[in-house]
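Listed below are the residues making up each chain.
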Amino acid sequence: MRAVLVSAGLSVPSSTRLLGDRLAAAVVRRAAGDGADGTDVIDRTDVVEGADGAASGSGSGSRNVEVQVVELRELAVEIAHHFTNGFPGPSLAAALRAVTEADALIVVTPVFSASYSGLFKSFFDVMEKDALAGTPVLIGATGGSARHSLVLEHAMRPLFAYLRAVVVPTAVYAASEDWGADGLAERIERAAGELAGLLGGAGARRRTPAASPAGAAVEDVVPFAERLAALRR
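To start, this report covers the structure provided alongside it. Along each chain, numbering runs from 1 in the same order as the chain's sequence is written. With pLDDT at 70 or above as the cut-off, local features in this predicted model cover only qualifying residues; side-chain atom pairs require 80 or more to be listed or tallied, and sums for whole chains, interfaces and linings still use all residues. Hydrogen atoms and water are omitted, and side-chain values are computed over all heavy atoms in the structure.

Points about the overall build of the protein
Moving on, step 1. Secondary structure elements are defined from DSSP: runs of H or I of at least 4 residues count as helices, runs of E of at least 2 residues count as strands, and each element is numbered from the N terminus. If you tally the helices and strands in the protein, you get seven helices and eight strands.
Moving on, step 2. Here the protein holds 233 residues, and the buried ones make up 46% of them.
Moving on, step 3. Contacts in the protein between residues far apart in sequence, at least 24 positions, make up 73% of those at least 6 positions apart.
Moving on, step 4. Computed with a 1.4 Å probe, the accessible areas rest on the Shrake-Rupley method; for each residue, only the protein chains presented here act as cover. Summing over all exposed atoms, the protein offers an accessible surface of approximately 12,000 Å²; the carbon and sulfur share of this is 54%. Buried residues are those whose accessible area, probed at 1.4 Å on protein chains only, stays under 20% of the maximum for their type, while exposed residues exceed 50% and partly exposed ones sit between those limits. Only heavy atoms enter the contact rule, under which two residues are in contact if any of them lie within 4.5 Å.

Given below as structure tokens:
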């Protein structure tokens, strides 16, 4: 199985990417059936940035999960060009393909102006409609203060609900004071376990829409102007 980590962190190193790496490591570990505490399944040096980078973990369980990383910082120019010309560049096209074909997503963003970053939103804006329907998603965010933690519930969760993805119940926010403090590791493990559980269900995601019954009549589309004219008669 393959999960894709989408990170909208802007700096190097990035606390957003660090949170994503820890979430991904926990998902790999939980899916493999290893509940032991440890975040070294995916090391930062083992994950290649860009749409073609991948890392994998294995354990004694029945499911191995490969994690591929998409760094949006590297795609910012191609995302902007996509809005103006309607065509994705090669790196953006590869990233979009990786995300839409993934069995699960881990998405993390820094908080700007009490919401997700513009780069994060723009990436999902250029995605095809219904591309994420049925995809299990774990959402995470980072910020300078715990006061911004509700961004997960008032911005990120509604976004992926609109995209018809399946968002796990536990979302993970990491403020500056959370690193090294009690609580963050437990939230990461709980969220990772929920995502791993969705990966282990019957839940092969179904991206193909249901076909119309054979021979079903297709209703002709009446132009709006004709409908409006009919109402005026």
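Additional details are given in the paragraphs that follow.
Quick notes on the side chain of Gln 68
Moving on, step 1. For Gln 68, the location among the structural elements is in strand S3 (residues 65–71).
Moving on, step 2. Judged by its relative accessible area of 10%, Gln 68 is buried.
Moving on, step 3. We call two N or O atoms a polar contact when they sit within 3.5 Å, provided that within protein one can donate a hydrogen and the other can accept it, with sequence-adjacent residues counted only if both atoms are side-chain atoms. A distance of 3.0 Å separates polar atoms of two side chains, one belonging to Gln 68 and the other to Arg 2.

Some words on the pairing of strand S1 (residues 2–7)
Moving on, step 1. Among the six residues that make up S1, six are buried, leaving the element largely enclosed by the rest of the structure.
Moving on, step 2. Residues Arg 2, Val 4 and Val 6 point to one face of S1 and Ala 3, Leu 5 and Ser 7 to the other, with burial holding for every one of them.
Moving on, step 3. Here six bridges tie S1 to S3, and the two strands are oriented parallel to one another. Pairing of Arg 2 across the sheet is with Glu 66, part of S3.
Moving on, step 4. Only strands that DSSP links by at least two bridges are regarded as paired with each other. Sheet topology places S1 next to strand S4 (residues 104–112); five bridges connect them, and they run parallel.

What to know about the pattern of salt bridges
Moving on, step 1. Salt bridge, as used here: a side-chain nitrogen of Lys or Arg that lies within 4 Å of a carboxyl oxygen of Asp or Glu. According to the stated counting rule, one finds ten salt bridges in the structure shown.
Moving on, step 2. A salt bridge links Arg 17 to Glu 71; the shortest N-O distance between them is 2.7 Å. Linking Arg 17 in helix H1 (residues 15–31) with Glu 71 in strand S3, this pair joins segments that are 54 residues apart in sequence. Accessibility classification places Arg 17 together with Glu 71 in one group, the buried group.
Moving on, step 3. A salt bridge links Arg 187 to Asp 178, with the shortest nitrogen-to-oxygen separation between them at 3.7 Å.
Moving on, step 4. Looking at Asp 178, the relative accessible area reads 17%, which means it is buried.

Here we look at the environment of Asp 103
Moving on, step 1. One can find Asp 103 in the loop between helix H3 (90–100) and S4.
Moving on, step 2. It is 7.2 Å that separates the C-alpha atoms of Asp 103 and Leu 199, two residues lying 96 residues apart in sequence.

A closer look at the packing of aromatic side chains
Moving on, step 1. Two rings from Phe, Tyr or Trp (for Trp, the six-membered ring) form a pair when their centres are within 6.5 Å of each other. A pair whose planes differ by under 30 degrees is stacked, one over 60 is edge-to-face, and the rest are tilted. Applying the stated rule across the entire model yields five aromatic pairs.
Moving on, step 2. Each ring, one from Phe 123 and one from Phe 124, has its centre 5.2 Å from the other, and the planes form 80°; the classification is edge-to-face.
Moving on, step 3. Taking relative accessible area as the criterion, Phe 123 reaches 0% and is therefore assigned buried.
Moving on, step 4. We classify Phe 124 as buried; its relative accessible area is 3%.
Moving on, step 5. Clustering of aromatic rings is evident, with ring pairs tying together Tyr 116, Phe 120, Phe 123, Phe 124 and Phe 160.

As for the packing of helix H4 (residues 118–125) against helix H5 (residues 151–162)
Helix packing geometry: the angle between the two helix axes and the distance between the axes.
Moving on, step 1. To define axes, lines are fitted to C-alpha atoms, for helices over the stretch in contact only, and angles between the resulting N-to-C directions are given on a 0 to 180 degree scale. Axis separation between H4 and H5 bottoms out at 12 Å; the angle between their running directions is 5°. By the angle between their directions, the pair H4 and H5 is classed as roughly parallel. On H5, the residues touching Phe 120, Lys 121 and Phe 124 of H4 are Met 156, Leu 159 and Phe 160.
Moving on, step 2. Basically, the charged four are Asp, Glu, Lys and Arg, the nonpolar ten are Ala, Val, Leu, Ile, Met, Phe, Trp, Tyr, Cys and Pro, and anything else, Gly included, counts as polar. Of the residues in the contact of H4 with H5, the class split is five nonpolar, no polar and one charged. Angle categories are assigned with fixed cut-offs, so that under 35 degrees is roughly parallel, over 145 is roughly antiparallel, 65 to 115 is roughly perpendicular, and the rest are oblique.

Structural notes on the packing of helix H2 (residues 76–85) against H4
Moving on, step 1. Between H2 and H4, the least distance of the axes is 10 Å, while the angle of their chain directions is 50°. In terms of axis orientation, H2 runs oblique to H4. Of the two possible hands of crossing, H2 and H4 adopt the one that is left-handed. Taking contact as the criterion, the partners of Ala 76, Ile 79 and Phe 83 in H2 are, on H4, Leu 119, Ser 122, Phe 123 and Asp 125. Two helices cross in a left-handed way if the nearer one is turned anticlockwise from the farther one by less than a right angle. They cross in a right-handed way if the turn is clockwise.

Interpretation in functional terms is not warranted from these geometric data alone.
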